[in-house]
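Architecture at a glance
Single-letter residue listing:
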Amino acid sequence: MTFDIALGLVTAGIAIFSVSLLLPLTRKKHYVMPLALFIMIQAVIALEPLVFHSFHYLEVYYIALSGIVWMLMMPSLWLYVKGLTATYAWQWQKKEWHHCWPSLLALLVGAAILVLPDSSQVALFSNSGRELTTGFEVTVAVLILILLLIWPIQSALYIYKIAGQLTRYRKDLKQVFTDERNRALYWVNAALAFLVMSWLWLLGGLFTSLLETEYDTSGAIAMLVNLIAVWLFSFWALTQKPAFMGLYKQLAQAPIAMISSRVKYEKSAIGAAQAQRIAKKLDVALQDEQLYLNSDLTLYGLAEHLHIPAHYISQTLNQTMNTSFFDWINRARVEQAKRQLVSNDASVLDVAMAVGFNSRSAFYKAFKARTGTTPSVFRKQATHEIVDEP
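Below: a short report on this structure. (Residues numbered from 1 in each chain as written. Predicted model: local features only at pLDDT ≥ 70, side-chain atom pairs only at ≥ 80, totals over all residues. Heavy atoms only, no water.)

Here we look at the overall build of the chain
Short version of the rule: Only runs of H or I of at least four residues qualify as helices and only runs of E of at least two qualify as strands under DSSP, and these elements are numbered from the N terminus. Note that the radius of gyration is over C-alpha atoms, with the globule rule given as 2.2 Å times the number of residues to the power 0.38. Remark: exposure states derive from per-residue accessible area (1.4 Å probe, protein chains only) relative to the maximum for the residue type, with buried under 20%, exposed over 50%, and partly exposed in between. We call two residues in contact whenever any of their non-hydrogen atoms come within 4.5 Å of each other. Surface exposure here means Shrake-Rupley accessible area, sampled with a 1.4 Å probe, where a residue is shielded only by the protein chains that are shown. In this charge count, Lys and Arg are treated as positive and Asp and Glu as negative; neither His nor the chain ends contribute. For charged residues, the charge sits on one atom: NZ in Lys, CZ in Arg, CG in Asp, CD in Glu.
A count of helical and extended segments in the chain gives 17 helices and zero strands. Against the globule reference of 21 Å for 390 residues, the chain gives a C-alpha radius of gyration of 27 Å, more extended than a compact globule. Residue burial in the chain is summarised as follows: out of 390 residues, 44% are buried. Restricting to contacts in the chain with at least 6 residues of sequence separation, those with at least 24 account for 70%. Accessible area of the chain: about 20,900 Å², with a carbon and sulfur share of 63%. Measuring between centres, the 32 positive side-chain charges of the chain sit 12 Å from its 26 negative side-chain charges.

Here's the deal with the packing of aromatic side chains
Convention followed: Note on ring pairs: Phe, Tyr and Trp rings are taken, using the six-membered ring of Trp, and paired if centres are within 6.5 Å. Classes follow the plane angle, with under 30 degrees stacked, over 60 edge-to-face and the rest tilted. Working rule: Lys NZ or Arg CZ, within 6 Å of ring centre, within 35 degrees of ring normal, means a charge sits over the ring.
Under the criterion given, the structure shown has 17 aromatic pairs. Their ring planes at 40° and their centres at 5.7 Å tell us that Phe177 and Phe244 sit as a pair that is tilted. With Phe177 in the loop between helix H7 (135-176) and helix H8 (186-210) and Phe244 in the loop between helix H9 (220-237) and helix H10 (248-253), this pair connects stretches of sequence that are 67 residues apart. Phe244 sits in the buried class, given a relative accessible area of 0%. Seen from their ring centres, Phe363 and Phe367 are 5.5 Å apart, and the 65° between their planes marks the pair as edge-to-face. In this pair, Phe363 and Phe367 are both assigned in helix H16 (residues 360-371), four residues apart and thus about one turn of the helix distant. No difference in accessibility class separates Phe363 from Phe367, as the two residues are buried. Positioned over the ring face of Trp78 is Lys161, at 4.3 Å from the centre of the ring. Geometry around Phe177 places Arg183 over its ring, the cationic atom sitting 4.0 Å from the centre.

A look at the layout of surface pockets
Our working definition: A cavity here means a set of points on a 1 Å grid, drawn over the protein atoms and nothing else, where a 1.4 Å probe fits but cannot get out; a pocket is an open set with protein on both sides within 12 Å along at least five of seven lines, and a residue lines either one if it has an atom within 4 Å of a point. Grid points are joined across faces, edges and corners, and a volume is the space filled by probe spheres set on the points.
When its volume is computed, the second largest pocket comes out at roughly 610 Å³. Lining the second largest pocket are 29 residues, with Asp179, Glu180, Phe326, Ala362 and Lys365 positioned closest to its centre. Of all the secondary structure elements, the ones that give two or more residues to the lining of the second largest pocket are H8, helix H14 (325-343) and H16.

Remarks on the packing of H14 against H16
The condition is simple: To obtain each axis, a line is fitted to C-alpha atoms, and for helices this fit is confined to the stretch in contact; angles are then taken between N-to-C directions over 0 to 180 degrees. The cut-offs work like this: below 35 degrees is roughly parallel, past 145 is roughly antiparallel, 65 to 115 is roughly perpendicular, and the gaps in between are oblique. Any residue outside Ala, Val, Leu, Ile, Met, Phe, Trp, Tyr, Cys, Pro, Asp, Glu, Lys and Arg is labelled polar, Gly included; the first ten of those are nonpolar and the last four are charged.
Interhelical geometry of H14 versus H16 gives an angle of 90° and a closest axis separation of 10 Å. Viewed along their axes, H14 and H16 adopt a mutual orientation that is roughly perpendicular. Seen from H14, the contacting residues are Arg331, Val334, Glu335, Ala337, Lys338 and Leu341; seen from H16, they are Phe363, Ala366, Phe367, Arg370 and Thr371. Of the residues that constitute the contact of H14 with H16, the class distribution is six nonpolar, one polar and four charged.

Remarks on the side chain of Arg379
The line we're drawing: Any carboxyl oxygen of Asp or Glu within 4 Å of a side-chain nitrogen of Lys or Arg constitutes a salt bridge here.
Structurally, Arg379 is set in helix H17 (residues 375-388). There is no salt bridge for the buried Arg379, and the closest opposite charge comes from Asp345, which lies 5.7 Å off by N-O distance. Not counting chain neighbours up to four residues away, the residues in contact with Arg379 comprise Gln340, Leu341, Asn344, Asp345, Ala346 and Val351.

Concerning helix H1 (residues 3-22)
How we decide: To estimate how far a helix should reach, multiply one less than its number of residues by 1.5 Å. In this context, the arc is that of the directions from the helix axis out to the C-beta atoms.
If you check H1, its first and last C-alpha atoms are 29 Å apart, about what 20 residues at 1.5 Å a residue would give, namely 28 Å. When we look at burial in H1, the residues that qualify are Asp4, Ile5, Leu7, Gly8, Thr11, Ala12, Ala15, Ser18, Val19 and Leu22. For H1, the arc enclosing every buried residue in end-on projection is 155°, short of the 170-degree limit, so these residues lie on one face. Turned more than 90 degrees from where H1 packs its buried face, Phe3 and Phe17 sit exposed. Buried residues belonging to H1 abut helix H2 (32-46), helix H3 (48-54) and H9.

Here we look at the nonpolar core
Formally: Here the nonpolar core consists of buried residues drawn from Ala, Val, Leu, Ile, Met, Phe, Trp, Tyr and Cys, with membership extended through side-chain atoms lying within 4.5 Å.
Ranked by internal contacts, the top residues of the largest apolar core, which has 91 residues, are Met73, Leu77, Tyr80, Phe244, Leu282, Leu302 and Trp328. Element by element, the count of residues in this core is highest for helix H4 (residues 59-85), at twelve residues. Leaving out residues up to four positions away in the same chain, Leu302 has contacts with Leu282, Leu291, Leu297, Ile313, Phe325 and Trp328.

Examining the environment of Tyr292
Turning to its location among the elements, Tyr292 is positioned in the loop between helix H11 (272-288) and helix H12 (299-306). Judged by its relative accessible area of 1%, Tyr292 is buried. Along the sequence, Tyr292 and Ala252 sit 40 residues apart, while their C-alpha atoms lie 25 Å from each other.

Some thoughts on unusual backbone geometry
Here Gln290, not a glycine, exhibits a phi torsion of approximately 50°, which is positive. With respect to the element layout, Gln290 can be found in the loop between H11 and H12. The backbone phi angle of Asn322 is positive, close to 50°, even though this residue is not glycine. Tracing the sequence through the fold places Asn322 in the loop between helix H13 (310-320) and H14.

Examining a nonpolar patch on the surface
What counts is decided by this rule: Patch definition: residues above 30% relative accessible area lacking any salt bridge, with like charges linked at up to 9 Å and the nonpolar side chains Val, Leu, Ile, Met, Phe, Trp and Tyr linked at up to 5 Å.
On the surface, Tyr57, Leu58, Tyr61, Leu114, Val115 and Phe136 cluster together into a nonpolar patch covering about 640 Å² of accessible area. Within the secondary structure layout, Tyr61 lies in helix H4. Residue Tyr61 is classed as exposed on the basis of its relative accessible area, which comes to 53%.

Nothing here speaks to function; it is all geometry.
Next up, the structure:
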């Protein structure tokens, strides 16, 4: 057994196991359905070395199926990301069917491949030296070429859509939450990067083999990189929940302006005087009640506490105070942390937890963004300044 076959079997095993765990969840969690399809597609792709090495009688069937799975891969990932980042409970809708058109074309091409005579299949997919003679053979060859041209364009477009969606989503998180932990979905970017790397390696192998240069065409490296991508998707996806899942009802009943939801503030919603009163009330409540100490505080939790509509608070923060809910709360946390770093000897982690942060990394990131330095360096500098005072 070659190394690429072994890697393919491991990848397929991980994918099939993950899908077996995901399928029971699809009844209530519809966003999981496109993910299960995406991971199952990875299992099919991973079995390619095994099929071509040990099951030659299945090669034509595998080739006919390959076009379909490759055309479904990125649309399924896009729909998963869309469902995961939605501000509502995502479900499959009729308008999503347009994502399937390229795979339907691949289905027709696959069927055409299967009905070709054996001699025609050999002429298409091997170096037999036999030229394509019939019109049907030429038509199938052209359609295969069209699919090969469509796939990279389609993939690039979906990668662009996914990257844009994740960027907008992370900005929307800051309108509602004070902590991005387990919500920012940076693992999706990492897994997608590994997936693209495996494609580029395979593409490089294709071009260098065409140029008849020395190159490892076994695909082992590509399979290894793909294994990492599949593992990342499988591991994280089994535990990842939509960030807004617990707030679907509030977001539907009292929507706030967010990029992904495309809800806009109404100019007449609150006047300048009312916005100033709300801003003052927000600052007083933040300092006097130290609301920032609540690590699980959300915009809707604050709205309920102050008896002010959430969209009023959001509009005031964004338009009157020129900040987001995330930055407003974390700024107060950092200011309190600065005082504690100077006044006591508690560890940096203890200080972070005491002022409302959920993790050391989130604290460091917010602290450095606010002060330009790390908490440890800030404490040393502040201590030296106190000692140096006459």
